[in-house]
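Observations on chain architecture
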Amino acid sequence: MEQPTLAQLTTAAPAAQEAKRRGLRKMKLVALSFLLGATLVFALTSWAQAAGWPGWVGYVRAAAEAGMVGALADWFAVTALFRRPLRLPIPHTAIIPTKKDMLGDSLGEFVGTNFLSEQIVRDKLRRAEIGRRLGDWLVQPDNAERVTSELSSLIRGAITVLKDEDVQAVLEQAIVRRLVAQPWGPPLGKLLEQVFADGAHYKLVDLMCDRSYEWVRDNHATVLRVVSERAPSWSPRFVDAMLADKVYGEVLSFAWAVKTDVNHPMRLALDKFLAEFAQDLQKDPDTMARAEQVKQQILDHPDVQKLIGSAWSTAKGMLLAAAEDPSSELRRRVHDGLCSLGERLRSDRGLRAKVDGWVEGAASHLVTNYSREILTIITDTVARWDAEETSRKIELQVGRDLQFIRINGTVVGALAGLLIYTVAQLLF
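The protein is annotated in an unreviewed UniProt entry as DUF445 family protein of Amycolatopsis cynarae.

Structure representation (structure tokens):
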């Protein structure tokens, strides 16, 4: 990613920049006025002293002279930070333009030593009590709603960016092909074996027996017709009717016995068949091969293919609708879950300790493994800045305060000169 230049960083607020320029020019004029004032006083007192004025003029002249020297010295020092005074190639001047890259490296080293140390980061995060603060913040319904809204926006953005064909390809790769690649027989047989061992299939068997008995009971005419149709053509009809009625009675009795007797041989035979079928699905090659054929038939069915093809479109529509509707079940559950998490973080010290530990661990990992990359943001950015532009921008930021050095130099120099002159007069 392209790093911002210094000009881009400082043009965000042109009005503020212009105000700083005016303030810098004003303070430069104030500092210059102190130098000019000291110069004027020095000139006047020098003339007065030559004209034979009283001795106090010498004290004022000495103070003005020292003030001039102090002002010039501090002007040189302040100017030398940003440019060469009077454009003269004086050594150790224009420090910022010539030492820009070194200053960037030093700044990066300073930040790395004093801010990106693992111990410092851990100590700071430990004292910050992130878990407690997060709990206090999330427990507020408005804050939980804000997080829910942001998550909804994130979901909408992610779904909008994703291409349907790409997601569909991933689904087919992750789901359909895995279903095709994995054999169904052994896992299905193991599942059925567990179901049969737990007796969970008894209710289904009871339902089948009940339905079978009810069907026989309610279809007397159908049974009579089937038996009559199967009878020989030479058999008298009344004999067929008697036989059919007898068969119906036996079938009805058999269905009733299976329905009411949980230990009926038919039920036991069914249990045995199901248990053997579960074993065959896991071990018998023929049964396993048939299960694979059934699996392929199911996956190749047009309705199944249509369902797979429309799965992402359906899920996408549901997610978008739920994310956009503030009253949707999804957003309501997320909101309630966040509030519940906030309550737990406030009351559960162990959970807070875990969250704090996770945050500390993540920060420690970043600092330990990526501190150098983080610091290159500083050094590389400074290295990309133009030297002269950097000097001007830094002077704009701190130059106004530096002008006070010139003012103080004038005042302090004048006081020092006055003191030195006074001591000299007293001693000599």
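The next thing to look at is the side chain of His335. The residue His335 is located in helix α17 (residues 329–347) in this model. By relative accessible area, which is 16% here, His335 ends up buried.

Per the UniProt record, "transmembrane region" (unreviewed entry) is found at residues 29–50, 62–82 and 407–427. A distance of 31 Å separates the end C-alpha atoms of residues 62–82, which is 100% helix and 0% strand.

So, about the nonpolar core. If you look at the biggest cluster of nonpolar residues, it comprises seven residues: Val111, Leu116, Val121, Leu125, Ala363, Val367 and Leu375. Every element with two or more residues in this core is listed here: α6 (118–128) and α18 (349–384). The leading source of residues in this core is α18, at three residues. For Leu116, the contacting residues outside a window of four places in its chain are Val111, Val121, Val367, Ser371, Ile374 and Leu375.

Moving on, we come to unusual backbone geometry. A positive phi angle, close to 55 degrees, is found at Leu86, a residue other than glycine. For Leu86, the position within the fold is in the loop between α3 (56–82) and α4 (95–98). Exposure remark for Leu86: the relative accessible area of 66% places this residue in the exposed category. The phi torsion at Arg87 lies on the positive side, around 60 degrees, for a residue other than glycine. Following the sequence through the fold, Arg87 ends up in the loop between α3 and α4. For Arg87, a relative accessible area of 79% gives the class exposed.

Together, Val41, Trp47, Trp53, Trp56 and Val60 make up an exposed nonpolar region whose accessible area comes to about 540 Å². Breaking the nonpolar patch down by element, the ones donating at least two residues are α2 (14–50) and α3. With respect to the helices and strands, Trp53 occurs in the loop between α2 and α3. According to the relative accessible area criterion, Trp53 is partly exposed, its value standing at 43%.

Bringing helix α19 (residues 387–427) into the picture now. The first and last C-alpha atoms of α19 sit only 52 Å apart over 41 residues, clearly below the 60 Å expected at 1.5 Å per residue. Along α19, the sharpest kink reaches roughly 60 degrees, centred on Gly399. For α19, the side-chain oxygen to backbone nitrogen distance between the N-cap and Glu388 is 3.2 Å, and the N-cap itself is Asp386.

Reading the values: the criteria
- Numbers given for residues are sequential positions, taken from 1 along each chain in its written order.
- The model is predicted, so local features are restricted to residues of pLDDT at least 70 and side-chain atom pairs to those at 80 or more, both for listing and for counting; the totals for chains, interfaces and linings are taken over all residues.
- By convention in this description, side-chain values take in all heavy atoms of the structure and omit both hydrogens and water.
- Runs of H or I in DSSP of at least four residues are treated as helices and runs of E of at least two as strands, each being numbered from the N terminus.
- The buried label applies to any residue whose accessible area, calculated with a 1.4 Å probe on protein chains only, is under 20% of its type's maximum; exposed applies above 50%, and partly exposed to all values in between.
- UniProt positions are given in the numbering used here, feature names are shortened, and annotations may be inferred rather than shown by experiment.
- Residues belong to one nonpolar core when they are buried, are Ala, Val, Leu, Ile, Met, Phe, Trp, Tyr or Cys, and are joined through side-chain atoms within 4.5 Å.
- Note on contacts: a residue pair qualifies if any of its non-hydrogen atoms lie within 4.5 Å across the two residues.
- Patches here are clusters of residues that have more than 30% relative accessible area and form no salt bridge, with a 9 Å joining cutoff for like charges and a 5 Å cutoff for nonpolar side chains (Val, Leu, Ile, Met, Phe, Trp, Tyr).
- The Shrake-Rupley method, run with a 1.4 Å probe sphere, supplies the accessible areas, and residue values consider only the shown protein chains as cover.
- We count a salt bridge whenever a side-chain nitrogen from Lys or Arg sits within 4 Å of a carboxyl oxygen from Asp or Glu.
- Any helix carries an expected span of 1.5 Å times its number of residues minus one.
- To get the bend at a given residue, fit one axis to the seven residues ending there, fit another to the seven starting there, and take the angle between those axes.
- Definition of a polar contact: a pair of N or O atoms within 3.5 Å, with one able to donate and the other able to accept a hydrogen when the atoms are protein atoms, and with sequence-neighbouring residues admitted only if both atoms are side-chain atoms.

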